[in-house]
Amino acid sequence: MDNKGFISIEYLFSLFIVIIIALGVLFYASASISSSLNIEDSVAHRLILDDVANVISQVNSNGVGYSKSIELPSDRGYFEITVEKNKLTMEYENKKGETQMMFANLDGKYKLISGRTYFISKTSEGIVIR
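**A word on the nonpolar core**
Within the largest apolar cluster, 24 residues are counted, with the highest numbers of intra-cluster contacts made by Ile-56, Ile-81, Val-83 and Leu-88. When contributions to this core are tallied by element, the ones reaching two or more residues are helix H1 (9–61), strand E2 (80–85), strand E3 (87–92), strand E5 (106–113), strand E6 (117–123) and strand E7 (126–129). Of the residues forming this core, the biggest block, 7 residues, is contributed by H1. Other than its neighbours up to four places away in sequence, Ile-81 contacts Ile-48, Leu-49, Val-52, Leu-72, Leu-88, Thr-89, Met-90, Tyr-110, Lys-111 and Leu-112.

**Re the confidence of the model for the protein chain**
In the predicted model, the protein chain carries a mean pLDDT of 84, and 95% of its residues have values of at least 70. Ranking the helices and strands of the protein chain by mean pLDDT puts strand E1 (residues 67–71) first, with 89, and E7 last, with 80.

**A word on unusual backbone geometry**
A positive phi is found at Glu-93, a non-glycine position, where the angle reads about 45 degrees. Take Glu-93: it is sitting in the loop between E3 and strand E4 (95–100). For Asn-94, which is not a glycine, the phi torsion comes out positive at approximately 60 degrees. Assignment of secondary structure puts Asn-94 in the loop between E3 and E4.

**Points about the sheet that holds E2**
Read across the sheet, 4 strands follow the order E4-E3-E2-E5 without closing on themselves; strand pairing throughout is antiparallel. Edge positions in the open sheet fall to E4 and E5, since each of these has one partner strand only. Within this sheet the neighbouring strands show an average axis-to-axis angle of 15 degrees, counted without direction. Here E3 pairs with E4 via 6 bridges, running antiparallel. Bridging across to E4, Glu-91 finds its partner in Lys-96.

**What to know about the side chain of Ser-121**
Residue position: Ser-121 is located in strand E6. Within the local environment of Ser-121, its side chain forms a polar contact with the side chain of Arg-130, the two groups lying 3.3 Å apart. With residues up to four places along the chain from it excluded, the contact list for Ser-121 reads Val-59, Tyr-66, Ser-67, Gly-126, Ile-127, Val-128 and Arg-130.

**What to know about a nonpolar patch on the surface**
There is a patch of nonpolar side chains on the surface, built from Ile-7, Ile-9, Tyr-11, Leu-12, Leu-15, Ile-19, Leu-23 and Leu-26 and spanning about 800 Å² of accessible area. For Tyr-11, the position within the fold is in helix H1. In this structure Tyr-11 comes out as partly exposed when scored by relative accessible area, which is 45%.

**Digging into the pattern of salt bridges**
Evaluated as defined, the whole model comprises 3 salt bridges. The shortest N-O distance in the salt bridge between Arg-46 and Asp-50 comes to 3.7 Å. Of this pair, Arg-46 and Asp-50 both sit in helix H1, separated by 4 residues, roughly a single helical turn. Here Arg-46 falls in the partly exposed class, since its relative accessible area comes to 36%. Of the residues examined, Asp-50 reaches a relative accessible area of 32% and is grouped as partly exposed. For Glu-80, the salt bridge identified is with Lys-111, shortest N-O distance 3.3 Å. You can see Glu-80 sitting in strand E2 and its partner Lys-111 sitting in strand E5, a full 31 residues away along the chain. Since its relative accessible area comes to 21%, Glu-80 is described here as partly exposed. Judged by relative accessible area, Lys-111 falls into the partly exposed class, the value being 47%.

Reading the values: the criteria
- Residues numbered from 1 in each chain as written.
- Predicted model: local features only at pLDDT ≥ 70, side-chain atom pairs only at ≥ 80, totals over all residues.
- Heavy atoms only, no water.
- Core = buried A, V, L, I, M, F, W, Y, C linked by side-chain atoms within 4.5 Å.
- Buried < 20%, exposed > 50% of the residue type's maximum accessible area, 1.4 Å probe, protein only.
- Helix = DSSP H or I, 4+ residues; strand = E, 2+ residues; numbered from the N terminus.
- Contact = heavy atoms within 4.5 Å.
- pLDDT = per-residue confidence, 0-100.
- Pairing = 2+ DSSP bridges.
- Axes fitted to C-alpha atoms, helices over the stretch in contact; angles between N-to-C directions.
- Polar contact = N/O pair within 3.5 Å; in protein donor to acceptor, adjacent residues only side chain to side chain.
- Patch = residues over 30% accessible without salt bridge, like charges linked within 9 Å, V, L, I, M, F, W, Y side chains within 5 Å.
- Areas by Shrake-Rupley, 256 points an atom, 1.4 Å probe, with all protein chains shown as cover.
- Salt bridge = Lys/Arg side-chain N within 4 Å of Asp/Glu carboxyl O.

As structure tokens, then:
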């Protein structure tokens, strides 16, 4: 401002440049935070899928009569795990993840839902999930 109370064009131009830089930094920070939250969510669901595969593999490798229960968490939102043959598929929030189980060849197709407890046992016919 000069002594008459008017704002100079240089002051307006520098204020405009500062606002543009601040908006760019804000946009970049928002994208970085969103990306890290997405990665955290994906890793959490991947760990759940690996836990289920691990329990099924343990039951399979310990022989007939061995059983184990697993409780799927509900704090990560709703998800479904489809178990068929030697593949596990998890679907959540329009995303999909898969993992393979070595040496576990299930006869049926099972659908596991978050927040429920399942009993996995090995019988003479194969692995049964209830």
